[in-house]
Structure formats: structure tokens, C-alpha cells
Amino acid sequence: MTQQIKNLRLRRTQTLLREALIALIEERGFEALTIGEITERAMVSRAAFYRNYQDKYNLVEQIFEEAMSALLNAVGDLGQEHPAEIWVKFFEHIAQYERLYRALLGRKGSLWFVRKMRASLAGLVKERGHLPHGPDASSRAVHTFSDEFVPDLVSTMFVEAITWWLEQGRPYTPREIATRCALLASALFKEASTWQ
């Protein structure tokens, strides 16, 4: 068997498992799922599952890591542009993977995933908060954080905004929801900058 055929089979197996995972989360909730149910729905063997993933958390983690990697690459391409553009890209990414995020962040989703997403976004907020931006960008840091409170609060706000946006059927475009969230985050940063 050629390497190309092996890669094709691997991608097919991963796609089937991911689709089964999302469908089952929507039906039953993440916590109740078993590997057997996922493999049965995907019509792949348990051995095929364990060749790719350690458990259901590892499956979700790999999906999340790929999605965050794609997002951070898109964000990285923006360079020093205004932060609102970063969040527009972010919400466009969420819209692209809407079913996955709605399943994982919704009522039947995974608290573990919510925590993981918050931590990743807090890291992004901390990293991007130290970059100059906007038309009059200088070399000084935009925001500095004495502790984790503000980045954690902003990341929680974004995760809740994503959840609300998806559950409401995306009533705003990615640009509109991103702009609203960025303005709220900016107001939070401005207030926090006055603290001693």
C-alpha cells in the first residue's frame, strides 16, 4: 500500500470519527459518549480509533488544536492591524466550524472544552494586548496585565459571545459580532488600565 493511500485512509477515518462525534454530542451530549458509540456511528473499528486517538478527549483536543492553529495562522497573517480584524477572522473561523463549536460549547457540550478554549483565548488576548495597533501605532505595548484577571475575563466573554451567537442562529455577521466584542473588550482594557 502506498503512503498516499495510507494518508487518504487516515484522513477518511478521522473525518468519519469527527462527524460521528459531532452528531452524537448533538444527540446525547459529550460526557455520556463512549468510544464504542463513536466508532459504531462512524463505521470504523475501535482499533482504527485507537490508532488515531487515545480517548474522546484526545479526539476533541486534536480537532481543537487544528482549528486554533488555523485561526492563529490567520491571525498571524494580519500582522499589526487593528485588533478588531483579528476578531473578525476569529468569528469567520467559528462560522466555518459552526456545528463543531455549537456542539462543544452548547448545553450538551464539554466543560473541559470550554475551559480549554478560554485558556487559549486568554493567551491570545495577553499576546495581542502587548502589540501596538491602529493607525497611530507606536512601539509601546497596548495593554499590560498585572495578573490573569482581565485576560481571563475577556476570554470568558468571547466564549460566551460565541455560544450565544451560535445558539441564536448567528443574528450578526462575523464582522458585527467581532466589532461588538472588540468594543466591549476595549472598554474593559481601558477601565483596567486605570487600576493601581
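The coordinates are above.
Residues numbered from 1 in each chain as written. Predicted model: local features only at pLDDT ≥ 70, side-chain atom pairs only at ≥ 80, totals over all residues. Heavy atoms only, no water.

Draft legend 1. Structural context of the nonpolar core. One finds L21, W87, F91, M117 and F158 to be the most contacted residues of the largest nonpolar core, which totals 55 residues. A per-element tally of this core places helix 8 (residues 149-167) first, with 9 residues. Setting aside residues up to four positions removed in sequence, F91 forms contacts with F158, I162, W165, P174, I177, A178 and C181. (Core = buried A, V, L, I, M, F, W, Y, C linked by side-chain atoms within 4.5 Å. Buried < 20%, exposed > 50% of the residue type's maximum accessible area, 1.4 Å probe, protein only. Helix = DSSP H or I, 4+ residues; strand = E, 2+ residues; numbered from the N terminus. Contact = heavy atoms within 4.5 Å.)

Draft legend 2. Examining a nonpolar patch on the surface more closely. On the surface, a cluster of nonpolar side chains totalling about 300 Å² of accessible area is made up of F149, L153 and W195. Residue W195 is classed as partly exposed on the basis of its relative accessible area, which comes to 43%. (Patch = residues over 30% accessible without salt bridge, like charges linked within 9 Å, V, L, I, M, F, W, Y side chains within 5 Å. Areas by Shrake-Rupley, 256 points an atom, 1.4 Å probe, with all protein chains shown as cover. Salt bridge = Lys/Arg side-chain N within 4 Å of Asp/Glu carboxyl O.)

Draft legend 3. Region of the structure containing the pattern of salt bridges. Inspection of every chain in the model, using the stated rule, returns 10 salt bridges. A salt bridge links R99 to E26; its shortest N-O distance comes to 3.0 Å. Highlighted residues: R99 in helix 6 (residues 98-105) and E26 in helix 1 (residues 3-28), separated in sequence by 73 residues. The partly exposed category is assigned to R99, whose relative accessible area is 39%. Residue K116 is joined to E61 by a salt bridge in which the shortest nitrogen-to-oxygen separation is 3.3 Å. Of this pair, K116 sits in helix 7 (residues 111-129) while E61 sits in helix 4 (residues 56-77), placing them 55 residues apart in sequence.

Draft legend 4. Spotlight on the environment of Q14. Considering the arrangement of structural elements, one finds Q14 in helix 1. Q14 sits in the buried class, given a relative accessible area of 17%. The sequence separation of Q14 and A42 amounts to 28 residues, and the corresponding C-alpha distance is 9.3 Å. Beyond its immediate sequence surroundings of up to four residues, Q14 is in contact with N52 and Y53.

Draft legend 5. Geometry of the environment of E19. Turning to its location among the elements, E19 is positioned in helix 1. As for E19 and L100, which are separated by 81 residues in sequence, their C-alpha atoms are 8.8 Å apart.

Draft legend 6. Quick peek at helix 1. The end-to-end C-alpha distance of helix 1 is 37 Å, a good match for the 38 Å that 26 residues give at a rise of 1.5 Å each. The set of residues buried in helix 1 consists of T13, Q14, L17, R18, A20, L21, I22, A23, L24 and I25. Just downstream of helix 1, G29 is the residue with a positive phi angle, here 100°. (Expected span 1.5 Å × (residues − 1).)

Draft legend 7. Region of the structure containing unusual backbone geometry. Non-glycine residue M43 carries a positive phi angle of around 60°. Within the secondary structure layout, M43 lies in the loop between helix 2 (35-42) and helix 3 (46-52). Within the chain, R170 stands out as a residue other than glycine whose phi angle is a positive 50°. The exposure class assigned to R170 is partly exposed, which follows from its relative accessible area of 33%.

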